[in-house]
Amino acid sequence: MATSLDVFACPAVSRPRSAFQHLVWKDFRMLQPLLLAGVIGTAALFLLAVLRAAIDPASDPSLTTLSVLWVLLPNLVALGIPPISLGTENEERTLDWLRTLPVTWWQVLLSKLLVGFAAWALAVLIATACFVLSWVVLRGEWDWGQIGRISGSESIFELMVYGMGLLICGWIAALIVRNPVGSVMLVIPLIVGLTLLWNYSVAGLVSTHFHYGVTFLEATAAQRVSMLCLATVYLAALGGVVAGLARHRLAGASDHRWQAPVAAPTSAWQPSVVQVAWHAKPRPFRALLWQQVRQTRLVISAAFSFALFALLSIWTDGNHGFHDLLLVLGWPAAHLMLGVAAFHGDRRGMRQGFFADRGWSPNLIWVTRLIPTASASLFLILVFPFVSGLDLYLGMHYGTGTLWQAFAFSVVVQTLLFLIGVLTGQWGRRPSLAFFGAPVVALLWMLPAFGLLAFYGGYIGLLWLAAGVLLFATRRLTPFVMEGVSSAAVWGRGLAYCLLALGVMCLCLFLHRWWTTPSEMPQWRKQMLAIVQEPITPETLESTVGVLPGTRNIHLNADVYSLDDYEMDARKSLLLSEFPTVNLVEASAFQYTVRLHPSRSWAGQRMNYAFENEAARYRDVELRLDAELKSSEVMGEHVSQSELYGLCVDTPIAAKGYASVPNWNGLPYGVSPYQHFQWHPFRRKALEVAAKWSKLSREQSLVFGALGELLNNAESNEWIMIAGLRQIAYEQNLFSDEALPQSEEDQLDREAFIRIVDQLASEELRRESRRRCLIVEWQRFQTGEWNGWLDDEPGNEKLFLDAPLSDPLYRLGMEQKRFERLLDLAVRNTLDQLEDGLPKWDDPALTEQRLLWGELLKDRRNGENSLGHQEVASPPRAPVFYREQELLIDELRQMADRLREPPEMIEAT
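Computed from a predicted model, the values in this text were never measured in an experiment.

Caption draft 1: Broad picture of the overall build of the protein chain. Counting secondary structure elements, the protein chain contains 31 helices and six strands. For the protein chain, the proportion of its 909 residues judged to be buried stands at 48%. Residue pairs in contact within the protein chain that sit at least 24 positions apart in sequence constitute 76% of those at least 6 positions apart.

Caption draft 2: Structural context of the packing of aromatic side chains. A full pass over the atoms with the stated rule returns 26 aromatic pairs. Between the aromatic rings of Trp786 and Tyr810, the centroid separation amounts to 5.8 Å while the plane-to-plane angle is 20°, which identifies the pairing as stacked. Taken together, the positions of Trp786 in the loop between helix H27 (763-782) and helix H28 (813-836) and Tyr810 in the loop between H27 and H28 put the pair 24 residues apart, joining distant regions of the chain. For Trp786, a relative accessible area of 14% corresponds to the buried category. Relative to Phe819, the ring of Trp786 has its centre 6.1 Å away and its plane inclined at 90°; by these criteria the two rings are edge-to-face. You can see Trp786 sitting in the loop between H27 and H28 and its partner Phe819 sitting in helix H28, a full 33 residues away along the chain. Overall, the relative accessible area of 3% leaves Phe819 in the buried class. Aromatic ring contacts, followed pair by pair, group Phe781, Trp786, Phe800, Tyr810, Phe819 and Trp853 into a single cluster. Positioned over the ring face of Phe781 is Lys798, at 4.3 Å from the centre of the ring.

Caption draft 3: Quick peek at the pairing of strand S4 (residues 592-595). Along S4, one buried face is formed by Tyr592 and Val594 and the opposite face, lined by Thr593 and Arg595, is buried too. In this structure, strand S3 (residues 559-562) lies alongside S4, joined through four bridges in antiparallel fashion. Note on S4: the bridge partner recorded for Asp559 is Arg595.

Caption draft 4: Region of the structure containing the environment of Arg900. With respect to the element layout, Arg900 can be found in helix H30 (residues 883-900). Relative accessible area serves as the criterion here: at 40%, Arg900 is assigned to the partly exposed category. A C-alpha to C-alpha distance of 9.4 Å links Arg900 and Arg750, two positions 150 residues apart in sequence. Excluding anything up to four places from it in sequence, Arg900 contacts Ile754 and Asp758.

Caption draft 5: Region of interest: the confidence of the model for the protein chain. Looking at the protein chain as a whole, the pLDDT averages 79, with 78% of positions reaching at least 70. Mean pLDDT across the secondary structure elements of the protein chain bottoms out at helix H1 (residues 6-13), with 43, and peaks at H28, with 93. This model gives residues 658-676 a pLDDT under 50, and the stretch forms 43 contacts once residues within four places in sequence are excluded.

Caption draft 6: Region of interest: the nonpolar core. Core analysis: the biggest nonpolar cluster contains 210 residues, and Trp331, Trp445, Trp719, Phe753, Val827 and Trp853 have the highest contact counts within it. If you look at the next biggest cluster of nonpolar residues, it comprises 15 residues, including Phe46, Ala49, Leu73 and Leu159.

Caption draft 7: Region of the structure containing helix H23 (residues 641-655). A rise of 1.5 Å per residue sets the reference length of H23, with its 15 residues, at 21 Å; its end C-alpha atoms lie 20 Å apart and thus fit the reference within 8%. Remark: the principal bend of H23, roughly 40°, maps to Leu647. Most of H23 sits inside the fold, with 14 of its 15 residues counted as buried.

Parameters and conventions
Residues numbered from 1 in each chain as written. Predicted model: local features only at pLDDT ≥ 70, side-chain atom pairs only at ≥ 80, totals over all residues. Heavy atoms only, no water. Helix = DSSP H or I, 4+ residues; strand = E, 2+ residues; numbered from the N terminus. Buried < 20%, exposed > 50% of the residue type's maximum accessible area, 1.4 Å probe, protein only. Contact = heavy atoms within 4.5 Å. Phe/Tyr/Trp six-rings, centres within 6.5 Å; stacked < 30°, edge-to-face > 60°. Lys NZ or Arg CZ within 6 Å of the ring centre and 35° of its normal. Pairing = 2+ DSSP bridges. pLDDT = per-residue confidence, 0-100. Core = buried A, V, L, I, M, F, W, Y, C linked by side-chain atoms within 4.5 Å. Expected span 1.5 Å × (residues − 1). Bend = angle between axes of the 7 residues up to and from the residue.

So, in structure tokens, the structure goes:
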């Protein structure tokens, strides 16, 4: 029977642990918080990335975020291991205690190196497992071809070497600088210099410039062996440096001589006196502020130096890849470190207990701790536009449309980074760990926050509310910091405030969406649904002229500006893009200027590079135009809409010296080809093709009610006809009282002008076709189902022009109702304008209508539809119509009537 003495017999029987094993266990316990935070943060970040991509596939179609996380998180752990392991010994004054143990200095170093490399390897394995699992979940399969190159320029081998180099540089910095913050700052220049040296060395091995060096996977077998040997030499040299520094640091009698300034061992202790006031006792605010400046001067100086270095790098036009790295990684890291440093100095050695014991006001401590680092962060915020160039597309996916909006977006993002750093610096038992936890917390907060803003573009102002909540959170946690509390009472509240900031953003966003949703119009909907459309018979289908969709490869933005309010010089400037040779006298005769702003796609283009010479190419274009005029079954079988625009509009402008013009299919780029061939016949035939397409499309729209076909074919070709006919009218002096030119080509142009103007649709046909197509398209939308896009066999989904109704945004019932009511409002307003008379281009009602259609039709994801990220819809991409189009057509008809008069009467006129 066992006795109580048997319990004491177990340690005697078991093998005792060695001193080295105890060292390993102690070093592991030091790194345990970092490992725990790294594992939780890695898993949470990958989970958020997968959830965001699953909810909104357009947010990250190339899975770039997963690759960035796979590279960033292990390196972040590698950056934190040396300062945490050795910095904790410095803060707790245990290095002198280690010298009293029966272990040598190299055993202490070996223990820390083994534990550090094991922790980094564990972080790499966990990040790799999360990366593989996330990739398989989102893609459904594993593809080594896509994984081989992670970021487009580095291979997995190089990334592993970089991680090991970063870890060794961290040990070097931690052995040189006692302060963990200072050691982290020293790592940056060390790893940058090591990276540049490695790139130059690899460039010498593969005989190429290091900016475009061959990666490990692209290198030959001999080059790979050379790179492996080079990596071994580098790691061995760095290991020797670490061993030398460790012997100098750990084998001495005391660590006191590493402190600065060096004090004589026999001198008595004397308090340091810092002059903060010249004539009297300093005020608490001034004393505390000066104390905080002394505590954070190292971080603030590093931030200022970093900003100046970034400015110099952009002014000297150096390595653009390195400069981009400064903006993407260095700038957020600077704000986070400034934020963490706000309370780091007080929390080291439990200095904050001084404030709690003496009854200092938490508000006073909070303000004095934030002012120095917040001022440095503000300096970085103001310098950022000069360093980055403040590209307008910096926040385009979040709703920025102007330069000021882009600036405000950059300001609020940098402010959030600073506040997240401050908040993270108030958590945890080990202050140094906050420098490495802040980037993870920032990623954990910003992934859902910016995912929400990408889902709902145009709400970046809500980030200021989140910044206010986080600022309030830093104030509320200050009393806990003063008391030295580091339990869940602190970090639990901190996490709750982070969630509250996200919750405030969501609440305000959805309240705004609900408040701005128009009210229902049941009576109007009942009237619209009661309109009966005539059924389409098989005989009607047989008589239809089809359209090849690929030929509509151009999108126009038709803008017409009235010139009545402009002086002559301004008129001439506005007309130069349409008529490059116009003079001041001629400019006075114009009432409007037309801007079409074409954007082309390559679909349907015929690249005729197989012809031996330009003459054969031009002959091919002429034959295709003739074939298109004779075709009676299909529109766009032989030419595309982009070709028509090029022949009708671009060619005359380019021939008159306007150099900056796009190419039309079949002719080379530039101005020179137009100087060597007769393009007038091409233009006449192209205008006749455009007139044919526009007329057929309008006639068929009365039967089928296809609004998309009406806008993309009839309306677009009508604008091409207007622009081309205005070119002929200018050449024939129809805008002035000068005599008509009398060459043979001019005579043919005038005959074609009259013939094509006669084919323009009447005002009644134009209004009725627009009205019918709009009603039919609206009724067709009502018969569809919102869940049609989620079915395995789509066919009953809701459709309206190019509105991205398959977007995950419209899986929410509130967004479905909002779209339906906004669509009702837009259709009703457009129908009222068609009935009561179209507004002018500068009418405020038309501006509101364009904004309304723009909200309905724009694509928030990638801009592939006809509107892209535009907030204002322009005709003919959207059903927006205005009076100037009718006035331009009436003007062309008056010119045609003038040409029909006998030559004697024209000359007399």
